[in-house]
Amino acid sequence: MLYLVRDLGGLESINEKTKAQIALEFENAAIECLVYKTAKAVEKYKIKTLIVAGGVSANKHLQMR
């Protein structure tokens, strides 16, 4: 994200719609990574119960996965 924002001319020169799109793509990438790695750990360690807590667990996009 740092390089993308830099290449677009810095935060001050990016409009709100583009900022929102960048933020959404970052959120999607982070959630995809969390879900993938969690699923792999559940499979590898034969976990029967998974509890998700804390601030990340309140994310609506993550809850929908």
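Please read all numbers here as calculations on a predicted model, not as lab measurements.

A. Spatial organisation of the overall build of the protein chain. The secondary structure content of the protein chain amounts to three helices and zero strands. Listing each helix as α and each strand as β along the protein chain from the N terminus yields α-α-α. The C-alpha atoms of the protein chain give a radius of gyration of 16 Å, which is well past the 11 Å a tight globule of 65 residues would have. Residues counted as buried form 11% of the 65 residues belonging to the protein chain. Total accessible area on the protein chain is roughly 5700 Å²; 61% of this is exposed by carbon and sulfur atoms. Positive and negative side-chain charges in the protein chain, numbering 10 and 7 respectively, have mean positions lying 12 Å apart.

B. Quick peek at unusual backbone geometry. Phi angles above zero are rare outside glycine, and Lys 46 is one such case at about 55°. The residue Lys 46 is located in the loop between helix H2 (16-45) and helix H3 (60-64) in this model. Exposure remark for Lys 46: the relative accessible area of 65% places this residue in the exposed category.

C. Broad picture of the environment of Val 35. Mapped onto the elements of the fold, Val 35 is located in helix H2. Sequence spacing of Val 35 and Ala 20 is 15 residues, and the spatial spacing of their C-alpha atoms is 22 Å. Filtering out sequence-adjacent residues up to four positions away, Val 35 remains in contact with Leu 62 and Arg 65.

D. Structural view of H2. Here H2 contains 30 residues, and its C-alpha end-to-end distance of 43 Å stays within 8% of the 44 Å for a straight helix at 1.5 Å per residue. The backbone nitrogen of Lys 17 has a side-chain oxygen 3.1 Å away, supplied by the residue at the start of H2, namely Asn 15.

E. Summary view of the pattern of salt bridges. Under the defined criterion, the tally for this structure stands at two salt bridges. Of the charged contacts, one joins Arg 6 and Asp 7 as a salt bridge, the two residues approaching to 3.1 Å between their closest N and O atoms. Close ionic contact of Lys 19 with Glu 16 constitutes a salt bridge, the shortest N to O distance being 3.5 Å. Within this pair, Lys 19 and its partner Glu 16 are both found in helix H2, separated by three residues, close to a single helical turn. For Glu 16, a relative accessible area of 59% translates into the label exposed.

Cut-offs used in this document
- Residues numbered from 1 in each chain as written.
- Predicted model: local features only at pLDDT ≥ 70, side-chain atom pairs only at ≥ 80, totals over all residues.
- Heavy atoms only, no water.
- Helix = DSSP H or I, 4+ residues; strand = E, 2+ residues; numbered from the N terminus.
- Rg over C-alpha atoms; globule rule 2.2 N^0.38 Å.
- Buried < 20%, exposed > 50% of the residue type's maximum accessible area, 1.4 Å probe, protein only.
- Areas by Shrake-Rupley, 256 points an atom, 1.4 Å probe, with all protein chains shown as cover.
- Lys, Arg positive; Asp, Glu negative; His and termini not counted.
- Charge placed at Lys NZ, Arg CZ, Asp CG, Glu CD.
- Contact = heavy atoms within 4.5 Å.
- Expected span 1.5 Å × (residues − 1).
- Polar contact = N/O pair within 3.5 Å; in protein donor to acceptor, adjacent residues only side chain to side chain.
- Salt bridge = Lys/Arg side-chain N within 4 Å of Asp/Glu carboxyl O.

Read these as geometric descriptors, not functional statements.
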